Amino acid sequence: MTKKRLWITRRLSDATLERAARDYEVVINHDDTPGTAEDIIAASAEFDAIIPCHSEHFSADVVAQLDPRLKILANHSVGVDHCDLPALAARGITVTNTPDVLSDATAELAMLLMLGAARHAVAGDRLVRTGGWDSWSPAFMVGKQVTGARVGIIGMGRVGRSFAAKARGFDMDVHYYNRSELSADLAQGATYHSTIESLLGVADFLSLHCPATPETTDLMNSERFAMLPPGAVVVNTARGALIDEDALMAALDRGHVVAAGLDCFKVEPGGNPALSLYDNVFMLPHIGSATRTTRDAMGFRALDNLDAFFAGQTPQDQL
Ligand code: DGY
């Protein structure tokens, strides 16, 4: 049987690329540069399937220009805000994502950011690294204790629940907002808040785990930052769109928010240069899911979805 033609837009894990090359006639973008609109439109005439990352944007305009040859986008990401899903559905293009497999890696990174932000990781590292550490005092670099503190989670899906499990390991008092209340076995004792506003009032630490949608754009704005308890720490490993970065900086300037840990920014790659002026903001370059284990699992999940589709089945992660 002739193999289906597959375009892989970025350098995925070796194991993923080997499996893809075994089962598909695959073209890999070894340059590892993001696919442009022109690349995507041209590829749609040559390939039956694409495995994109969140770096390739399937806007309505791009989707309108796709060739009918392209049948499926098997995303190598859980987030699909780079895809105009209604436009793709209207063109009859199947879209899948990679849920579950990156939850622990992303939740680990949220813990790292929470701990690092709370305990002066940026300023402390810089001080030691630059040889500027010349004294010590009990009043020196005093941070905010995580153990036993209240943490608010917005979005109690798979990543949010994995983060909650890790936070419980630090004896944190877990509160959450979600579109619907979880069953007791999923909530594991976490306290449900039916509104974001109610959650913010108790969120000494706040961690965002919801998708970027038109409804969640600037979910954390000036009014909502002001609803946090004074001295709150804010963590975002979900999407940059969720935070109004100017409002965050204003809250940091007032000292109302004492620190933030960010893996996602409004502008990616690059981030926000204004945020780099804040030593109390611990920043990473969108690497929540970047562990070897998880990269293999994401690649295999994307390929599982493709295999199912071309076998005439409904892929397990079809959106
Ligand atoms: C995801 O899977 O959505 C991560 O942000 C990496 O793309």
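All values derive from a computational prediction rather than experimental measurement. (Residues numbered from 1 in each chain as written. Predicted model: local features only at pLDDT ≥ 70, side-chain atom pairs only at ≥ 80, totals over all residues. Heavy atoms only, no water.)

Topic: the state of the cysteines
- Under the defined criterion, the tally for this structure stands at zero disulfides.
- Unpaired in terms of disulfides, Cys83 finds its nearest cysteine sulfur in Cys53, a separation of 11 Å.
- Looking at Cys210, it has no disulfide partner, and the nearest cysteine sulfur is the one in Cys264, 11 Å off. (Disulfide = S-S within 2.5 Å.)

Notes on the pattern of salt bridges
- What the rule picks out here adds up to 16 salt bridges.
- Between Arg19 and Asp304 there is a salt bridge, and its shortest N-O distance comes to 2.7 Å. Placement of the pair is Arg19 in helix H1 (residues 14–23) and Asp304 in helix H12 (residues 292–310), with a sequence separation of 285 residues.
- Arg69 is the partner of Asp48 in a salt bridge, and the nearest nitrogen-oxygen pair spans 3.1 Å. Placement of Asp48 in the loop between helix H2 (37–44) and strand E3 (49–51) and of Arg69 in the loop between helix H3 (60–64) and strand E4 (72–74) is noted, with a sequence separation of 21 residues between them.
- Look at the salt bridges and you will find they share partners, linking Asp100, Arg158, Arg301 and Asp317 into a network. (Salt bridge = Lys/Arg side-chain N within 4 Å of Asp/Glu carboxyl O. Helix = DSSP H or I, 4+ residues; strand = E, 2+ residues; numbered from the N terminus.)

Notes on the site of the ligand
- Taken together, His54, Ser77, Val78, Gly79, Leu102, Arg239, His286, Ser289 and Met298 make up the full set of residues near the ligand.
- A distance of 2.7 Å separates an oxygen atom of the ligand from a polar atom in the side chain of His54.
- One of the side-chain nitrogen or oxygen atoms of Arg239 is found 2.7 Å away from an oxygen atom of the ligand.
- Its free accessible area being 230 Å², the ligand has 89% of it covered by the protein chains.
- For the shell around the ligand, a count of residues per class yields three nonpolar, five polar and one charged. (Near = heavy atom within 4 Å. Polar contact = N/O pair within 3.5 Å; in protein donor to acceptor, adjacent residues only side chain to side chain. Areas by Shrake-Rupley, 256 points an atom, 1.4 Å probe, with all protein chains shown as cover. Nonpolar A, V, L, I, M, F, W, Y, C, P; charged D, E, K, R; others polar.)

Focus: the domain arrangement of the chain
- Along its sequence, the chain is carved into domain 1 (5–101 + 292–310) and domain 2 (103–283).
- Domain 1 and domain 2 are separated by 31 Å when their C-alpha centres are compared.
- On the side of domain 2, six residues touch domain 1, which itself brings seven residues to the contact.
- The contact between domain 1 and domain 2 buries some 550 Å² in all, and 40% of this surface belongs to carbon and sulfur atoms.
- Looking only at domain 1, the three residues that lose the most surface to domain 2 are His54, Asp81 and Asp100, adding up to 65% of its buried area.
- Linking domain 1 with domain 2 are two salt bridges, by the criterion used here. (Domains from an automatic or database assignment. Contact = heavy atoms within 4.5 Å. Buried area = accessible area lost by both parts, 1.4 Å probe.)

Let's talk about the sheet that holds strand E9 (residues 205–208)
- Read across the sheet, seven strands follow the order E8-E7-E6-E9-E10-E11-E12 without closing on themselves; strand pairing throughout is parallel. At either end of the open sheet lies a strand with only one pairing partner, and these are strand E8 (191–193) and strand E12 (281–283). Averaged over all pairs of adjacent strands, the angle between strand axes in this sheet comes to 15 degrees, irrespective of strand direction.
- The sheet contact formed by strand E10 (residues 232–236) and strand E11 (residues 257–262) spans five bridges and is parallel. Residue pairing for E11: Ala232 is matched across the bridge by Val257.
- Of the strands in this sheet, strand E6 (150–154), strand E7 (173–177) and E9 touch helix H7 (residues 158–168), which is tilted by about 170 degrees from E6.
- Seen against the sheet, helix H11 (residues 245–254) touches E11 and E12 and runs at an angle of roughly 140 degrees to E11. (Pairing = 2+ DSSP bridges. Axes fitted to C-alpha atoms, helices over the stretch in contact; angles between N-to-C directions.)

A word on H7
- Turning to H7, its buried residues number three or more, namely Val159, Gly160, Ser162, Phe163, Ala164 and Ala167.
- Those residues of H7 hidden inside the fold are in contact with helix H5 (103–118), E6, E7 and E9. (Buried < 20%, exposed > 50% of the residue type's maximum accessible area, 1.4 Å probe, protein only.)

Observations regarding H1
- Within H1, the full set of buried residues consists of Thr16, Leu17, Arg19 and Ala20. Taken down its axis, H1 places every buried residue within 165 degrees of arc, on the same side. In H1, the exposed positions that point more than 90 degrees away from the buried face belong to Asp14, Glu18 and Arg22.
- Against the buried residues of H1 lie strand E1 (5–8), strand E2 (25–28) and H12. (Arc of directions from axis to C-beta.)

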